[in-house]
Amino acid sequence: MILFLDFDGVLHPEGEDHTLTGGVDFCFLPRLEALLREFPHVKIVISSSWREQLLYKTLLKPFSSDIRARILGATPHSGFGLPPPYGKREGEILAWLQIHDAVDESWVALDDAYWQFGHYKDHLVTCGSFTGFDDKASAELRARFEEVSR
Ligand SMILES: [Mg+2]
């Protein structure tokens, strides 16, 4: 299973310019990493817009080394540009899956931008932009991981 991971509004609440601070807080990353350690079959692809501004190696810095080793890459900057009901981020995810011959792979997107998803909304676990990866989102993501490991 692949987790497409957004940063702002997920790993920390949206609202401050975390890119400029180098993302020093990433306050919810430890919670996500703890969950990921329970599901070692889950790989990670970064879908955050940070990938448009930072070097790939910089994107990886906030992660613990064991989790970092499970990150496969980042989605392409411009996806398929599919028409509605496809969302922009969704198109980038679909492009990544196609490029990596992984269209049959199960996947879930952890994101606060639900409007970036249309056709594949059922693959989305939504965080509240100002709450981030809270207990509710964590429980929902765990359920998705468990579905696939069963
Ligand atoms: Mg976001």
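As a reminder, the structure under discussion sits directly above these lines.
Describing the overall build of the protein
Consideration 1: For the protein, the helix and strand inventory stands at five helices and five strands.
Consideration 2: Each helix and strand of the protein, ordered N terminal to C terminal, gives the series β-α-β-α-α-β-α-β-β-α.
Consideration 3: Whereas a compact globule of 150 residues would reach a radius of gyration of roughly 15 Å, the protein reaches 14 Å, a difference of no more than 12%.
Consideration 4: Across the 150 residues that make up the protein, the buried fraction comes to 47%.
Consideration 5: Within the protein, counting contacts between residues at least 6 apart in sequence, those at least 24 apart form 64% of the total.
Consideration 6: Working note: accessible area of the protein is about 7500 Å², and carbon and sulfur atoms make up 54% of it.
Consideration 7: Distance between charge centres in the protein, computed from 15 positive and 23 negative side chains, equals 4 Å.

Topic: the packing of aromatic side chains
Consideration 1: Applying the stated criterion across every chain yields a total of ten aromatic pairs.
Consideration 2: A ring pair is formed by Phe7 and Phe26, whose centres lie 5.4 Å apart and whose planes are at 80°; its orientation type is edge-to-face. Taken as a pair, Phe7 in the loop between β1 (2-5) and α1 (29-38) and Phe26 in the loop between β1 and α1 lie far apart in primary sequence, 19 residues in all. Here the two residues Phe7 and Phe26 agree in accessibility, since each one is buried.
Consideration 3: On the numbers, 5.8 Å between centres and 50° between planes, the contact of Trp107 with Tyr120 is tilted. Here Tyr120 lies in the loop between β4 (107-111) and β5 (124-126) and Trp107 lies in strand β4, a separation of 13 residues in the sequence.
Consideration 4: Judged by relative accessible area, Tyr120 falls into the partly exposed class, the value being 26%.
Consideration 5: The structure contains a cluster of three or more aromatic residues connected by ring pairs, namely Phe4, Tyr86, Trp96, Trp107 and Tyr120.

Quick notes on the environment of Leu29
Consideration 1: Among the structural elements, Leu29 can be located in helix α1.
Consideration 2: Linking Leu29 and Asp8, residues 21 residues apart in sequence, is a C-alpha distance of 11 Å.
Consideration 3: Apart from residues lying up to four places away in sequence, Leu29 is in contact with Leu11, Pro62 and Phe63.

Quick word on α1
Counting along an α-helix, one turn takes 3.6 residues, and residues three or four places apart therefore face a common direction.
Consideration 1: Buried within α1 are the following residues: Leu29, Leu32, Glu33, Leu35 and Leu36. Around the axis of α1, the buried residues are gathered within 160° of arc, so they sit on the same side.

Reading the values: rules and limits
- Residues numbered from 1 in each chain as written.
- Predicted model: local features only at pLDDT ≥ 70, side-chain atom pairs only at ≥ 80, totals over all residues.
- Heavy atoms only, no water.
- Helix = DSSP H or I, 4+ residues; strand = E, 2+ residues; numbered from the N terminus.
- Rg over C-alpha atoms; globule rule 2.2 N^0.38 Å.
- Buried < 20%, exposed > 50% of the residue type's maximum accessible area, 1.4 Å probe, protein only.
- Contact = heavy atoms within 4.5 Å.
- Areas by Shrake-Rupley, 256 points an atom, 1.4 Å probe, with all protein chains shown as cover.
- Lys, Arg positive; Asp, Glu negative; His and termini not counted.
- Charge placed at Lys NZ, Arg CZ, Asp CG, Glu CD.
- Phe/Tyr/Trp six-rings, centres within 6.5 Å; stacked < 30°, edge-to-face > 60°.
- Arc of directions from axis to C-beta.

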